[in-house]
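Overview (structure and organization)
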Amino acid sequence: APACSGVLVWLAMPEFALTSVIWVALIPLLLVMAACTSNRQYLLAGYIYGIVYAALCVKWITVVPDFPLAGYVAMVAWIAIFPALFSLLLGIVWRTTGWQLWLVAPPLWVVFEYLRVNLPVAPSPLALLGHVFYEYPPMLQIASIASSYGPGFLVVLVNAALAEAVLRVYAYRNGELLQKPVGRLWGPVGLALTVTVSSVAWGVMQLPKTGSEAESVMTVAAVQANIPQAMKWQRDRRSEILDRHNDLTRKVVEKNTDLVVWPETAIPGDLKRTIFIRNYVGELAADLSVPLLVGSAAGDKDGSGAERTFKVTNSAFLVDTQGEIVDEYHKLKLLPFAEQVPFGEEFPWPAWMTPAERSFTPGDGIHLLRLPTASIGVVICWENLFPQLFRRFTDAGATFMVNMTNEAWFEDSEGGYYLLASSVFRAVENGVALLRVANTGVSALIDPHGNILQRITDQQGNDLMVSGVLNVDVPFPLRPTFYRRYGDVFALACLAATIMMLVYSRVPVSYTHL
């Protein structure tokens, strides 16, 4: 049964998008927990669910060339720890207090999703429960208050109320309850449904009226060149890669285009240090009289004398209409074991976990790229998966956000859709438009309400492993949202509630599960 819950949650995720399944997906896990009699059983039930859920939801990582099977197993085992701990603490509180599932489970779930996202080492922010709603804007709007934890809270609330109802019906039929459990059965279910429906109704009220047009900040073009990962760093293919971006850029630029954006590491080399590449990109921007925002690795010397080192950054560069680099942003949150080895000097990680020949250096801090009409926040690669990091850009005054990414690693797997789902939540949380520019897709414009307005596709409608361009009018940001002003207040409130529940559960009380 816990494995069944893992499969059902996976079916609701972006790969199959059977969203309605999520409202009952956790019931098998919760019903099994009702039969558990020890902490070990609670832990095992949650871990079985976590293994199945994680194995299915991150299996697309195995398409990365030379990605070790051991790495996949380690990732699955790590992610599974969080639902296992959720199950253990839920069982402890439930068993020792007799409180109903629908009261205990939702805040506990939020706490462990919050920990998954915000751990300083090996965070795992993909495939959160709320991400199943990324294509349903009315349900998304609660994220402007509670991030993706809000929809997840509602999902667990409904599942727990329904599971509690099933347990009470079963207990009555087996003579464990003397009276029909009508009030205690339908009360929690009715409350859960009322809260959820109210949230959706409020979400509908937040959406712009059909036919209304938002004013635009500027017109931005996105270029998706579809460069295979095996080709990206071949020195003898540099001209071909640049020419492909050049051709697409000239194709998309119109008289009113204010900016052209290329993906993460679109430049096949170092834009600042390789004269040939720097002149090529500068001449293109000058010829078109349009600024270019391009992704490139960048190297620079750091320090002096015997202490001098050579640092490499994953960066975004703004090239003006004179062909000069006028601004730059360096990626802050590096990908563990790919761009940077955590505690690399202190801990001897196995070689299969550290394939990178050189560790990248993180940037110095939040930095917006300035144009006359807008301040642009750039997040690179997986930085868009972290709500608090993204929020720092909007808090600094970003007019809109750009996510530059290279997902050629994942080919045409479902990985791009999991990453797109996270991008949708970042836009809603902060009330800003987000332009996602990917090497192989999915490149898309997301408005401040989470609507995916446009995406790059081929004639058959495919949006992965295709080349193309997009010329979009970027909407103005909304008024600062609750989340943008106060951050993870909701998640922290759930943490406080969890601590109080755990403290209370240490007090001996008489109880019954039912």
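Check the entry above for the structure.
Heads up: these notes are all about the structure in this document. (Residues numbered from 1 in each chain as written. Predicted model: local features only at pLDDT ≥ 70, side-chain atom pairs only at ≥ 80, totals over all residues. Heavy atoms only, no water.)

Now for the side chain of glutamine 224. Note that glutamine 224 resides in strand 1 (residues 216–224). Owing to a relative accessible area of 0%, glutamine 224 belongs among the buried residues under this scheme. Separated by 2.6 Å, the side chains of glutamine 224 and serine 443 make a polar contact. A polar side-chain atom of glutamine 224 sits 2.7 Å from the main-chain carbonyl oxygen of valine 466. Discounting residues that sit within four places of it in the chain, glutamine 224 has contacts with Leu248, Ala438, Asn439, Thr440, Gly441, Val442, Ser443, Ile456, Asp463, Val466, Ser467 and Gly468. (Helix = DSSP H or I, 4+ residues; strand = E, 2+ residues; numbered from the N terminus. Buried < 20%, exposed > 50% of the residue type's maximum accessible area, 1.4 Å probe, protein only. Polar contact = N/O pair within 3.5 Å; in protein donor to acceptor, adjacent residues only side chain to side chain. Contact = heavy atoms within 4.5 Å.)

What follows concerns the pattern of salt bridges. Here the structure, examined in full by the defined rule, presents 11 salt bridges. One salt bridge in this structure joins lysine 59 and glutamate 15, with 3.1 Å as the shortest N-O distance. Of this pair, lysine 59 sits in the loop between helix 3 (39–57) and helix 4 (69–97) while glutamate 15 is found in the loop between helix 1 (2–12) and helix 2 (27–35), placing the two residues 44 residues apart along the sequence. Overall, the relative accessible area of 26% leaves lysine 59 in the partly exposed class. Of the residues examined, glutamate 15 reaches a relative accessible area of 26% and is grouped as partly exposed. A salt bridge links arginine 244 to glutamate 240; the shortest N-O distance between them is 3.8 Å. Placement of both arginine 244 and glutamate 240 in helix 11 (residues 238–252) is noted, with a separation of 4 residues, approximately one turn of the helix. Via salt bridges that share partners, Glu15, Lys59 and Glu414 belong to a single interconnected network. (Salt bridge = Lys/Arg side-chain N within 4 Å of Asp/Glu carboxyl O.)

This part covers the packing of aromatic side chains. If you walk through the whole model with that rule in mind, you get 15 aromatic pairs. Ring geometry for tryptophan 10 against phenylalanine 16: centres 5.0 Å apart, planes inclined by 85°, an arrangement best described as edge-to-face. When its relative accessible area of 12% is taken as the criterion, tryptophan 10 is described as buried. Here phenylalanine 16 falls in the partly exposed class, since its relative accessible area comes to 41%. Between the aromatic rings of tryptophan 60 and tyrosine 418, the centroid separation amounts to 6.1 Å while the plane-to-plane angle is 25°, which identifies the pairing as stacked. With tryptophan 60 in the loop between helix 3 and helix 4 and tyrosine 418 in helix 14 (residues 415–430), this pair connects stretches of sequence that are 358 residues apart. (Phe/Tyr/Trp six-rings, centres within 6.5 Å; stacked < 30°, edge-to-face > 60°.)

The packing of two helices is summarised by the inter-axis angle and the distance between the axes. Between helix 3 and helix 4, the least distance of the axes is 6 Å, while the angle of their chain directions is 145°. In this structure, the crossing between helix 3 and helix 4 has a hand that is right-handed. In the contact of helix 3 with helix 4, the residues fall into 20 nonpolar, 5 polar and 1 charged. (Axes fitted to C-alpha atoms, helices over the stretch in contact; angles between N-to-C directions. Left-handed = near helix turned anticlockwise from the far one by under 90°. Nonpolar A, V, L, I, M, F, W, Y, C, P; charged D, E, K, R; others polar.)

For the rest of this paragraph, the subject is the packing of helix 11 against helix 12 (residues 275–288). Packing of helix 11 against helix 12 leaves a shortest axis separation of 12 Å and a crossing angle of 10°. Classified by the interaxial angle, the pair formed by helix 11 and helix 12 is roughly parallel. Facing helix 11, whose interface residues are Arg238, Ser239, Leu242, Asp243, Asn246, Thr249 and Arg250, helix 12 presents Phe276, Ile277, Tyr280, Leu284, Asp287 and Leu288. Across the contact of helix 11 with helix 12, the residue classes tally to 6 nonpolar, 3 polar and 4 charged. (Parallel < 35°, antiparallel > 145°, perpendicular 65-115°, else oblique.)

A few words now on the environment of isoleucine 51. The residue isoleucine 51 is located in helix 3 in this model. Among the residues examined, isoleucine 51 registers a relative accessible area of 29% and is labelled partly exposed. Residues isoleucine 51 and glycine 6 lie 45 residues apart in sequence; the distance between their C-alpha atoms is 7.9 Å. Setting aside residues no more than four positions away along its own chain, isoleucine 51 makes contact with Val76, Ala77 and Ala80.

Now for the sheet that holds strand 11 (residues 452–455). If you walk across this open sheet you meet the 6 strands as 6-7-8-9-10-11, and the pairing is mixed. For this open sheet the edge positions go to strand 6 (369–371) and strand 11, each flanked by a neighbour on one side alone. With direction set aside, neighbouring strand axes in the sheet form an average angle of 20°. Strand direction decides the pairing type here: strand 7 (residues 374–380) and strand 8 (residues 400–405), joined by 5 bridges, are parallel. Bridge pairing links glycine 377 to methionine 401 in strand 8. Against the sheet, helix 13 (residues 387–395) touches strand 7, strand 8 and strand 9 (434–438), its axis set at about 165° to strand 7. Sitting on the sheet, helix 14 is in contact with strand 8, strand 9, strand 10 (444–446) and strand 11, with an inclination near 160° to strand 9. (Pairing = 2+ DSSP bridges.)

Moving on, we get to the environment of glycine 190. Relative to the assigned elements, glycine 190 resides in helix 9 (residues 182–206). Given the relative accessible area of 28%, glycine 190 is considered partly exposed. Remark: the alpha-carbon pair of glycine 190 and valine 158, spanning 32 residues in sequence, is separated by 9.3 Å.

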